Structure formats: structure tokens, C-alpha cells
Amino acid sequence: MDSRGCFPEIRMRRMRRDDFSRRLMRESRLSADDLIYPVFVLDGNDRVEPVASMPGVERQSLDRLLKTAEQALTLGVPAIAVFPVIDAAGKTAGAEEACNPDGLVPRVVAALKKEFPELGVITDVALDPYTSHGQDGLIDAADPSGYVLNDETLEVLARQALVHAQAGADVVAPSDMMDGRVARIRRELDAAKQLHTRILAYSAKYASSFYGPFRDAVGSAGNLGKGDKHTYQMDPANSDEALREVALDLAEGADMVMVKPGMPYLDIVRRVKDEFKVPTYVYQVSGEYAMLKAAARNGWLDERACVLESLLACKRAGADGILSYFALSAAAWLKPSA
């Protein structure tokens, strides 16, 4: 605390009096450059399915997604993050479809990069959209506890990441929280000469209750049933552990790290940024989106003001980029008027 001077010589409100001086002293700024738009894609043509628990968010077939991608580019959003919705017939215990080079995600990535080469395309590397049990990794059918196998899962994740990279993904984002997955993916990519594919590691991904609407959107909620992910996602009570996870992922070759969820975990974002000073991202997750939307629809909150404030809070905490389902709306609101 600066002890030089005090009231009435020092009046903090002087600089708040006018818009020009508030702008001149503003510490954190939010722009479209800070935003990444998560999208849900499904097979077929001219298909749109609203996500009931996420008003305004839709599952889209590729032809519709291309229009959304064009809108993102027009608004100045630099990247989208692709999450697949896999038909039930494609879900298996071994998640074989995750590594199919002709599967939904590789086809979507290739089309996006062909049509919009300047748009960053990020893919999710995890098995939960593809497993019949809804977990992010493989399980031993003979194990009544359903414990997710770590090292066996790494091999599938590495193949999945390579398939995405070869299709043209700019960034692969392992969200599985298996130990050692960044190193295994980096080796796989480098061995295949995919040297420029970046890894955005979900390094501090918590076993949060805020993910419910997302699992509805990708269709994994029903498969997961009463199961949970507490044996591999982080305990919400822990903070120091997040720093260990980030340090390990960076040592293994991650180019960027992520904290998930967003607002309830901004203390983690700040600790990570202060400690490592690397590109740090945060995911404003589906539950956060749903709460803000519901409150706004009931007239309890000003949607635009509260959304922009929440995103600015992520920036203030140290995030270099924010995954948000509000990305397109926020970019439009931030666009300077003609």
C-alpha cells in the first residue's frame, strides 16, 4: 500500500470523474482478440439442434458451422474450438471413432481450414464424446469400480491428436487430465513432423459441477449416468496442486495452459499467470453461461453488462484468452460503432 499522502490531499475519485480519465487509467482491456468460440458439430446437412440447457447455443452440421465460422471471422474472433456430437452408434468402450481419420472432427477441421485458412481451429482431445461409458479414458470392463486407465488411454489420445493435426488443426487441446498426456501427444506429433501444431493443455481442470449443460450438448451425460470424474479431474478445494499440474504440462511441451472453469477459479488463473508467465487461458463454462442467460431472461440481470464484466474479470485475473459461448455476442458488443 502506498502511504504517501492521504485524504483530503489524495482523492481517488478525481480520476473517476470523467470518461476520458477513466479510460486513460484503465488497467485491463477486453477485445475480440481475447475470445475463442466453442462450437458443437454433428453429422448431416442443414441440421441445427438447440441445446435446451444453453439458450442460444446450437449443435450444427458442418454446412451451418461454416456460416458460424465466417461470422466469427467477421467479428474479429481469432479462433473456434470444435466439440463433436457423436451418434450413439459411434460410441464404444474403446473409443475407436476418436482415431478415425475420416471421422466427424477431421472432416470438419479440413473443411474449416480450406474455407477459412486464417481462422484458428482448436480441437478437443478427450474420449468422452466417443465412449459408451462417458468417461474421458478407457476403463477395464472387469473392474467394477470403472477406474479410468491412465497409460492405455494415453495411446488413444496420442493417435486422436495426430489425426486432428493431420487434418489441419492449428491447436490440439487435451482436456482429459490423464498424467503424462502432453508429453505423449508431443512425441506423437513431432514423430509425424507436425512440429507447428500447438498444444493447449487443460492443465487445471477441476471436477466441477458447472459442466452439466456441456455434457448435455455433446451427449455424454446419459452415458456417464451416475458416474463422476473425480479420480482424474482436480478437487475444487485445491490450489497448490494446480501449479504442479501446470508445471508438469509445460515441462512436457505444452505451448499454452488452461484453467477450467472460469469465474469461480479466477484465483487459480492469477496464481498460474504470476508463477509461470506463459500464455494462460480460461474457459467460461456452460454452467456459467446458463446462469447468466437464465438471470438475463428473467430480467434479473443486464445480459450485456454482466457478460462483458465477467469476461473483463477473466482478463484482469491474467487470462490471455477466454473460451466463452458469449464470444460472438461479446465481439459484436465490443465492435466500435461506425
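Structure shown above.
This text gives an overview of the structure that appears in the document. (Residues numbered from 1 in each chain as written. Predicted model: local features only at pLDDT ≥ 70, side-chain atom pairs only at ≥ 80, totals over all residues. Heavy atoms only, no water.)

**Notes on a negative patch on the surface**
A cluster of acidic residues, Asp140, Asp151, Glu152 and Asp179, forms a negative patch at the surface. You can see aspartate 179 is positioned in the loop between β8 (171-174) and α5 (181-191). Judged by relative accessible area, aspartate 179 falls into the exposed class, the value being 52%. (Patch = residues over 30% accessible without salt bridge, like charges linked within 9 Å, V, L, I, M, F, W, Y side chains within 5 Å. Areas by Shrake-Rupley, 256 points an atom, 1.4 Å probe, with all protein chains shown as cover. Salt bridge = Lys/Arg side-chain N within 4 Å of Asp/Glu carboxyl O. Lys, Arg positive; Asp, Glu negative; His and termini not counted. Charge placed at Lys NZ, Arg CZ, Asp CG, Glu CD. Helix = DSSP H or I, 4+ residues; strand = E, 2+ residues; numbered from the N terminus. Buried < 20%, exposed > 50% of the residue type's maximum accessible area, 1.4 Å probe, protein only.)

**Considering the packing of aromatic side chains**
Going through the model one piece at a time under the given rule, you end up with 10 aromatic pairs. Plain terms: the ring middles of phenylalanine 40 and phenylalanine 214 are 5.6 Å apart, the flat faces sit at 55° to each other, and that makes the pair tilted. One end of the pair, phenylalanine 40, is in strand β1 (residues 35-42); the other, phenylalanine 214, is in helix α6 (residues 212-218), with 174 residues separating them in the sequence. Accessibility classification places phenylalanine 40 together with phenylalanine 214 in one group, the buried group. Look at phenylalanine 40 and tyrosine 325: their rings are 5.9 Å apart centre to centre, the planes differ by 15°, and that puts the pair in the stacked class. With a gap of 285 residues between them, phenylalanine 40 in strand β1 and tyrosine 325 in the loop between β12 (321-324) and α12 (327-334) connect regions that are remote in the sequence. Phenylalanine 40 sits in the buried class, given a relative accessible area of 0%. (Phe/Tyr/Trp six-rings, centres within 6.5 Å; stacked < 30°, edge-to-face > 60°.)

**Section: the pattern of salt bridges**
Note on pairing: side chains with opposite charge can pair once their charged atoms come close. All chains considered together, the criterion is met by 21 salt bridges. Across the pair glutamate 188 and arginine 184 runs a salt bridge whose closest N-O atoms are separated by 2.9 Å. Placement of both glutamate 188 and arginine 184 in helix α5 is noted, with a separation of four residues, approximately one turn of the helix. This pair shows no difference in class: glutamate 188 is buried, exactly as arginine 184 is. Because the salt bridges share partners, they merge into one network encompassing Asp19, Arg22 and Arg23.

**Description of the packing of helix α2 (residues 62-75) against helix α3 (residues 104-115)**
Relative placement of two packed helices is described by the angle separating their axes and the distance separating the axes. Look at α2 against α3: their axes get within 11 Å of each other, and the N-to-C directions meet at 40°. The orientation of α2 with respect to α3, classified from their angle, is oblique. Crossing of α2 against α3: the hand is right-handed. Here Leu62, Leu65, Leu66 and Ala69 of α2 come into contact with α3, specifically with Arg107, Val108, Ala111, Leu112 and Glu115. Residues that form the contact of α2 with α3 fall into these classes: seven nonpolar, no polar and two charged. (Axes fitted to C-alpha atoms, helices over the stretch in contact; angles between N-to-C directions. Parallel < 35°, antiparallel > 145°, perpendicular 65-115°, else oblique. Left-handed = near helix turned anticlockwise from the far one by under 90°. Contact = heavy atoms within 4.5 Å. Nonpolar A, V, L, I, M, F, W, Y, C, P; charged D, E, K, R; others polar.)

**Quick notes on the layout of surface pockets**
By volume, the largest pocket is sized at about 280 Å³. Lining the largest pocket are 19 residues, with Tyr37, Gly56, Val57, Glu58 and Leu328 sitting closest to its centre. Secondary structure elements with two or more residues in the lining of the largest pocket: β1, β3 (58-61), α2, α10 (286-297) and α12. Looking at which element gives the most residues to the lining of the largest pocket, the answer is β1, with four residues. Residues of the lining of the largest pocket, tallied by class, amount to 10 nonpolar, five polar and four charged. (1 Å grid on protein atoms, 1.4 Å probe; cavity = no way out; pocket = protein on both sides within 12 Å on 5 of 7 lines; lining within 4 Å. Points joined across faces, edges and corners; volume = space filled by probe spheres on them.)

**So, the side chain of aspartate 136**
If you trace the backbone, aspartate 136 turns up in the loop between β5 (120-125) and β6 (138-139). For aspartate 136, a relative accessible area of 0% gives the class buried. Engagement of the side chain of aspartate 136 in a polar contact is seen with the side chain of lysine 229, the distance being 2.5 Å. (Polar contact = N/O pair within 3.5 Å; in protein donor to acceptor, adjacent residues only side chain to side chain.)

**A look at α10**
Look at α10: 16 Å from first C-alpha to last across 12 residues, which is about the 16 Å you get at 1.5 Å a residue. Counting buried positions along α10 yields nine of 12 residues, so the element is predominantly enclosed. Of all the residues in α10, the buried ones are Ser286, Gly287, Glu288, Tyr289, Ala290, Leu292, Lys293, Ala295 and Ala296. Looking one or two places after α10, you find glycine 299, whose phi comes out positive at around 80°. (Expected span 1.5 Å × (residues − 1).)

**Re the pairing of β8**
On β8, burial covers both faces: Val171 and Ala173 on one face and Val172 and Pro174 on the other are all buried. Sheet topology places β5 next to β8; four bridges connect them, and they run parallel. Each bridged residue has a counterpart across the sheet, and for valine 125 the counterpart in β8 is proline 174. Direction of pairing for β8 relative to strand β9 (residues 198-205): parallel, over a ladder of two bridges. Paired with valine 171 across the bridge in β9 is arginine 198. Regarding topology, α5 serves as the crossover connection from β8 to the parallel β9, and that connection is right-handed. (Pairing = 2+ DSSP bridges. Right-handed = clockwise from strand over helix to strand, strands pointing away.)

**Digging into empty space enclosed by the protein**
Under the defined criterion, the tally for this structure stands at two cavities of 30 Å³ or more. In this structure, the largest cavity spans a volume of roughly 100 Å³. What lines the largest cavity is a set of 14 residues, and nearest its centre among them are Asp128, Ser175, Lys205, Phe214 and Lys260. If you list the elements that add at least two residues to the lining of the largest cavity, you get β9 and α6.

**Re the packing of helix α4 (residues 150-167) against α5**
The contact between α4 and α5 brings their axes to 9 Å, and the two run at 45°. Classified by the angle their axes make, α4 and α5 are oblique. Classified by chirality, the crossing of α5 by α4 is right-handed. Listed contacts from α5 to Leu154, Glu155, Leu157, Ala158, Ala161, Leu162 and Ala165 of α4 are Arg181, Arg184, Ile185, Glu188 and Leu189. Of the residues belonging to the contact of α4 with α5, the class tally is eight nonpolar, no polar and four charged.

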